[in-house]
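Fold and geometry: a report
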Amino acid sequence: MSKKFFSRLIVALAFLAAAIFYLLSELLPERFGGFSLAWAGVLFAGMSGLALLVSAFGVKNSVALKKLQIAIGCVLILVAAVCLFFALALPDALLLPVLFVIAAFFLVLCTFVVGGKKWDDGDNHKAGYKCYDRRKAEEEKLAKKEDVSEGEDRADR
């Protein structure tokens, strides 16, 4: 199975769990009355964000894909934090500082995960890369060398 399967399964199961708990809170308010739509948002957005962050560690080559997954995961975690504030009815003065701390943490995580690589590192940054002019000069030199060796072979005959 692919690594994408597990992250997609986690997201689907989180959505299913949030939907079931929300339905139960409407059907059985005496048992699940404390579970509101805000808690469903915390469950779904939080688990989806974490699944995207974990899958970003699994991507091998694509730096742009890693950064995109981390950015979307960060947004989902921020949505989960906002839902948590509404679910717990915390003071609004704490909301903005907590969101800034979460965003700063994910910027640091993004830098850590991609290892400081640029998304557009080309061949010219790889070890042993030769520009077009150098490759062409080497090809001409090799062709001349082959012509000389063929000429010597003909002279020997």
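Quick note: structure is the one above.
Attention here is on the structure that accompanies the text. (Residues numbered from 1 in each chain as written. Predicted model: local features only at pLDDT ≥ 70, side-chain atom pairs only at ≥ 80, totals over all residues. Heavy atoms only, no water.)

What about the overall build of the chain?
- From N to C terminus, the chain includes six helices and zero strands.
- Helices and strands in the chain line up, N terminus first, as α-α-α-α-α-α.
- Of all 157 residues assigned to the chain, the portion counted as buried reaches 24%.
- Within the chain, contacts between residues at least 6 apart in sequence are counted, and of these 66% link residues at least 24 apart. (Helix = DSSP H or I, 4+ residues; strand = E, 2+ residues; numbered from the N terminus. Buried < 20%, exposed > 50% of the residue type's maximum accessible area, 1.4 Å probe, protein only. Contact = heavy atoms within 4.5 Å.)

Considerations on helix H4 (residues 63-88)
- If you check H4, its first and last C-alpha atoms are 37 Å apart, about what 26 residues at 1.5 Å a residue would give, namely 38 Å.
- Along H4, the residues classified as buried are Val63, Lys66, Gln69, Ile70, Gly73, Cys74, Ile77, Ala80, Ala81, Cys83 and Phe85.
- For H4, the secondary structure elements touched by its buried residues are helix H3 (37-58) and helix H5 (95-114).
- Within two residues after H4, Ala89 carries a phi angle of roughly 55°, on the positive side. (Expected span 1.5 Å × (residues − 1).)

Concerning the side chain of Ser7
- With respect to the element layout, Ser7 can be found in helix H1 (residues 3-27).
- Sequence-distant contacts of Ser7, that is, excluding residues within four places in its chain, are made with Ala51 and Ser55.

Observations regarding the nonpolar core
- Of all hydrophobic cores here, the largest spans 14 residues; its most connected members are Leu53, Ile70, Ile77, Ile102, Phe106 and Leu109.
- Of all the elements in the fold, those that place two or more residues in this core are H3, H4 and H5.
- In terms of residues, this core owes the most to one element, H5, which gives seven residues.
- With residues up to four places along the chain from it excluded, the contact list for Phe106 reads Leu53, Ile70, Cys74 and Ile77. (Core = buried A, V, L, I, M, F, W, Y, C linked by side-chain atoms within 4.5 Å.)

Thoughts on unusual backbone geometry
- Despite not being glycine, Ala89 has its phi angle at roughly 55°, a positive value.
- Along the chain, the position of Ala89 falls in the loop between H4 and H5.
- Exposure remark for Ala89: the relative accessible area of 64% places this residue in the exposed category.

Considering a nonpolar patch on the surface
- A grouping of Phe5, Phe6, Leu9, Leu13, Leu16 and Ile20 is seen on the molecular surface, where their side chains present a nonpolar patch of about 540 Å² in accessible area.
- Take Leu9: it is sitting in helix H1. (Patch = residues over 30% accessible without salt bridge, like charges linked within 9 Å, V, L, I, M, F, W, Y side chains within 5 Å. Areas by Shrake-Rupley, 256 points an atom, 1.4 Å probe, with all protein chains shown as cover. Salt bridge = Lys/Arg side-chain N within 4 Å of Asp/Glu carboxyl O.)

Overview of H3
- An ideal rise of 1.5 Å per residue puts 32 Å on 22 residues; H3 measures up with 32 Å between its terminal C-alpha atoms.
- Every buried residue of H3 is listed here: Ala38, Ala40, Gly41, Val42, Ala45, Gly46, Ser48, Gly49, Ala51, Leu53, Ser55 and Ala56.

Digging into the packing of H3 against H4
- The N-to-C vectors of H3 and H4 enclose an angle of 160°; their axes lie 7 Å apart at closest approach. Considering the angle they form, H3 stands roughly antiparallel to H4. The hand of the H3/H4 crossing is left-handed.
- Classifying every residue of the contact of H3 with H4 gives 19 nonpolar, seven polar and one charged. (Axes fitted to C-alpha atoms, helices over the stretch in contact; angles between N-to-C directions. Parallel < 35°, antiparallel > 145°, perpendicular 65-115°, else oblique. Left-handed = near helix turned anticlockwise from the far one by under 90°. Nonpolar A, V, L, I, M, F, W, Y, C, P; charged D, E, K, R; others polar.)

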